[in-house]
Amino acid sequence: MTTVSRWHRACLKVLERPSCGVIYTRSRYYNTSTRKDASKPPLMESFTCDLLRNFSIIAHIDHGKSTLADRLLELTGTIQKKQSGKNEQVLDKLKVERERGITVKAQTASMIYTFHGKEHMLNLIDTPGHVDFAWEVSRSLAACQGALLLVDASQGVQAQSISVFHNARERGLTIIPILNKIDLPAAQPERIAAQMQSTFGINPSDIIHISAKTGKGVESILEAIVDRIPPPVGSTGAPLKAFLFDSLYDRYRGVISLVNIQEGILRRGDKITSCHTRKKYEVTELGIMHPEEISTDSLRPGQVGYIACNMKESSEAHIGDTLHRVGQPVEPMPGFQPAKAMVFAGVFPVDSSDFPKLEESIKRLTLTDRSVTVQRESSSALGQGCRLGFLGTLHMDVFRQRLEDEYDANIIITAPTVPYKVIYRDREVFVSNPTEFPETSDTASRVKEIQEPVVKASIIVPEEYFGDMMELCFSHRAEDLDHRYLDAGINTSSRIILTCILPLSEIVTDFFDQLKSRSSGFASFDYEDAGYRHSDLAKMSFLLNSKPVDALAIIVHRSSQDTIARQWVKKLHKVIPRQMFEVPIQAAIGKKILARETLSALRADVTAGLYGGHYERKMKHLENQKEGKRKMKKMGSVDLPQEAFFDILSNKK
Ligand SMILES: Nc1nc2c(ncn2[C@@H]2O[C@H](COP(=O)(O)OP(=O)(O)OP(=O)(O)O)[C@@H](O)[C@H]2O)c(=O)[nH]1
């Protein structure tokens, strides 16, 4: 869905609401709120810093962040409660998010809540749960003073609960611990609270017990947000300083930036400039996300909202940038580490004449997903395409689905690779495309060393699956394995946290699926970048009729080269259609052939027209046919249909 249609929907929604505009909620204790003339946007100057709270919801995947966000929006009257009781997941706006039940893009929503007789503006920044989107989480946290740490009362603390907790703690955020899903029969709130105490040092009496699904206990979260999270600080009299923490793209208005005002007041018509690019803009529109855009007269210290200022290119909205008024320079805020692409893949149109359309669609989609890197690439087998860099394989899959859903693209995506570091005698280069990987066995290549990216992985698993997990890690070249009991001192069956260094390339294939299946779904997994390590890698090429097919090349570790070579030639043998001549399918590293299968020829019956005896004549026809095929094989190139590529690449390894 484009931002434009969202904008129109927002306008319609506002007009449709019975009391359109801001709806004021009733606190449980203070029944003082009134519904004002709702066609008016909120009066931003009445929300001084002490009446603002900026917070995020952080949790392991599926622990209920989006569901809780819905309940908070309903309780504050920001959205209407559905009679059906259906989970709307209002902040999961993308089709792929709704279909897969995951949050991909962090969203922002402002709500108004009356506490102790005073209206407060609570700015919620929803965060994605999957490890691929950890960058979005850090970005969201930078605009907050507090975080709701949500833990599923039936599953307990999981790998990402730990990483997001530390991320929030390092940023000095106030953490409100919450146990969710207490309605589930399998919920064990006391046990999980003890787990939270032993893992995070949280006092169990601080933990709020809720069911985001039924709404039980959710009101007390609103109270705790106001009570426990410190308000932002900032002065209206100081020069304008706005922190840009996210951006969207709108076909008509250009880039829409999400900002958190640190100091000063921002108004429509203000001339602003970016600390990063030094470019100047005029603010044409500004407002808050409620959860759709609602235009306001100003944005003030501590407030979170959107601005449109005729930024044409999304690269102009640098995430982590500081905006200030023209002629009033300020000290820029510390920015973010830019998102680092960890997984690369080639994307090609199924019909090669569709390349210009595909390139345009990719360009547009990257305007809303800034973490994707794009480079042109061409392949002799697949034609013109783009090499894209993603944060992880889920990210890659989501991007592919968005290209198909939102831009109707018909694409082939090659096997994912990670960026390898090739150290030559005189320089270092990063290679993320197997076709550019040097022949390491060739001494003339001047390669001194090859390094591959590694990650520090943490796996949390019940004790009984520990052996399986160790085996899984070893079979994926794990090093520095370590483990400890997570629930020490808690009188129940124990869970173990296993940490190790894993090559990233091992994770981008089937690691996650195997982790889930070998632990019956009980293991949770998280990882963080751990730099580069020396590795014994080589480029494996696949030859059809003795000719290498560039799009099929892969980079493999030498310890598994024979197994992979055999697996792949078998797979190719299955999917490549038979030709008029015999086709050898080979896997090779350098000049050495590691595996071979032979695709037998389609045989036309050249003797069909010959009746009766004449054995010699028959043989002569067959000999002629054989000779013809020999010639054809020499010249002939193998016809490899796109569907065959599709089959091969869609079930890698
Ligand atoms: N029984 C029960 N189910 C819940 C509760 N809260 C959430 N769920 C369910 O748990 C599943 C995951 O909820 P989400 O809100 O999508 O979780 P999330 O943390 O936003 O997921 P990601 O965005 O993918 O990280 C959904 O099927 C919800 O209906 C609860 O309190 N009780």
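Rules used throughout
Residues numbered from 1 in each chain as written. Predicted model: local features only at pLDDT ≥ 70, side-chain atom pairs only at ≥ 80, totals over all residues. Heavy atoms only, no water. Helix = DSSP H or I, 4+ residues; strand = E, 2+ residues; numbered from the N terminus. Buried < 20%, exposed > 50% of the residue type's maximum accessible area, 1.4 Å probe, protein only. Contact = heavy atoms within 4.5 Å. Areas by Shrake-Rupley, 256 points an atom, 1.4 Å probe, with all protein chains shown as cover. Axes fitted to C-alpha atoms, helices over the stretch in contact; angles between N-to-C directions. Parallel < 35°, antiparallel > 145°, perpendicular 65-115°, else oblique. Left-handed = near helix turned anticlockwise from the far one by under 90°. Nonpolar A, V, L, I, M, F, W, Y, C, P; charged D, E, K, R; others polar. Disulfide = S-S within 2.5 Å. pLDDT = per-residue confidence, 0-100.

1. Describing the overall build of the protein chain
From N to C terminus, the protein chain includes 14 helices and 31 strands. In the protein chain, which comprises 653 residues, the proportion classed as buried is 56%. Partitioning the intrachain contacts of the protein chain with sequence separation of at least 6 by distance along the chain shows that 70% fall at a separation of at least 24. For the protein chain, the computed accessible surface area is about 28,700 Å², with 50% contributed by carbon and sulfur atoms.

2. Comments concerning the packing of helix 8 (residues 355-368) against helix 9 (residues 393-407)
Any two packed helices are characterised by the angle at which their axes cross and by the distance between the axes. At a minimum axis separation of 10 Å, helix 8 and helix 9 run at an interaxial angle of 115 degrees. By the angle class used here, helix 8 and helix 9 are roughly perpendicular. Classified by chirality, the crossing of helix 9 by helix 8 is right-handed. From helix 8, K357, L358, S361, I362, R364, L365, T366 and T368 reach across to helix 9, where they touch F399, R402, L403, E406 and Y407. Tallied by class, residues from the contact of helix 8 with helix 9 come to 6 nonpolar, 3 polar and 4 charged.

3. Focus: the state of the cysteines
Scanning the entire structure with this criterion turns up 0 disulfides. C49 takes part in no disulfide bond, and the closest cysteine sulfur to it belongs to C144, at a distance of 14 Å.

4. Looking at helix 7 (residues 218-228)
Counting buried residues along helix 7, 8 of its 11 residues qualify, which places the element largely inside the surrounding structure. Along helix 7, the residues classified as buried are V218, E219, I221, L222, E223, A224, I225 and V226.

5. Describing the confidence of the model for the protein chain
Taken as a whole, the protein chain shows an average pLDDT of 80; of its residues, 79% reach a score of 70 or greater. Below a pLDDT of 50 lies the segment residues 1-39, which in the model reaches 74 contacts outside its immediate sequence neighbourhood of four places, other chains included. In the predicted assembly, ipTM is 0.98 and pTM is 0.73.

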